[in-house]
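Spelled out, the chains give:
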Amino acid sequence: RCWPDRLHRFFWLRDLRAMGGQDARACARDMVLQWIMLYGGKPKSREQKLAWRTDILGERISNWICHYDFIDACHAQHDQDFHDAFFASLYEQAQYLARRVPAGIHDLDLLKSLKGLLYAGLAFEGEEAWIEQALDILKIELNKQILPDGAHISRSPMQLMRALQILLDMKAAL
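Presented here is a report on the structure given in the accompanying data block.

Rules and cut-offs
- Residues numbered from 1 in each chain as written.
- Predicted model: local features only at pLDDT ≥ 70, side-chain atom pairs only at ≥ 80, totals over all residues.
- Heavy atoms only, no water.
- Patch = residues over 30% accessible without salt bridge, like charges linked within 9 Å, V, L, I, M, F, W, Y side chains within 5 Å.
- Areas by Shrake-Rupley, 256 points an atom, 1.4 Å probe, with all protein chains shown as cover.
- Salt bridge = Lys/Arg side-chain N within 4 Å of Asp/Glu carboxyl O.
- Lys, Arg positive; Asp, Glu negative; His and termini not counted.
- Charge placed at Lys NZ, Arg CZ, Asp CG, Glu CD.
- Helix = DSSP H or I, 4+ residues; strand = E, 2+ residues; numbered from the N terminus.
- Buried < 20%, exposed > 50% of the residue type's maximum accessible area, 1.4 Å probe, protein only.
- Polar contact = N/O pair within 3.5 Å; in protein donor to acceptor, adjacent residues only side chain to side chain.

**With respect to a negative patch on the surface**
Argument step 1. On the surface, Glu125, Glu128, Glu132 and Asp136 cluster together to form a negatively charged patch.
Argument step 2. The topology assignment puts Asp136 in helix 9 (residues 128-145).
Argument step 3. Of the residues examined, Asp136 reaches a relative accessible area of 43% and is grouped as partly exposed.

Shown next as structure tokens:
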């Protein structure tokens, strides 16, 4: 049950990037294309619904954007078909996320969703409203999640660390 969740988030792109080389790039590119073919489009099946859950979606969007230069550099000759499929899927995912944030999303899941929305707003010209949406919700959410003493509302140091990492990533992106 855990591995599909991790697979759809695309955290593992950083591992392939760290490995380096054309084989790692080709693998990353193929996995992204396979995901687009299998899970692209509006979620219908149970597995697609997992892949399009807002926290997973936010993390996938941010991982795809962060590692795009690695994925796209797979071929010396620019592949327009890959480029078009990648950005069409990324844009569709961002639109879907923008329509669903913040409804029913809480805690770190909301922060993960906001990070993806912010990254998408920065990546797509003309979609600055996504940046504003993410930052407006973030202002409200920070007052809920981060207590006056600086602790996370859960009182868990691990949750605080995860929240701070998301916030640092967002700050760096801005």
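Here the narrative resumes.
**Topic: the environment of His152**
Argument step 1. Mapped onto the elements, His152 comes out in the loop between helix 9 and helix 10 (157-173).
Argument step 2. For His152, a relative accessible area of 2% corresponds to the buried category.
Argument step 3. Separated by 3.0 Å, the side chains of His152 and Gln145 make a polar contact.

**Points about unusual backbone geometry**
Argument step 1. Val101 connects to Pro102 through a cis peptide bond whose omega is 5 degrees.
Argument step 2. Of note in this structure, Asp107 is not a glycine but carries a positive phi near 55 degrees.
Argument step 3. Tracing the backbone through its elements, the reader meets Asp107 in helix 8 (residues 107-123).
Argument step 4. In this structure, Arg155 is a non-glycine residue whose phi angle is positive, near 65 degrees.
Argument step 5. Assignment of secondary structure puts Arg155 in the loop between helix 9 and helix 10.

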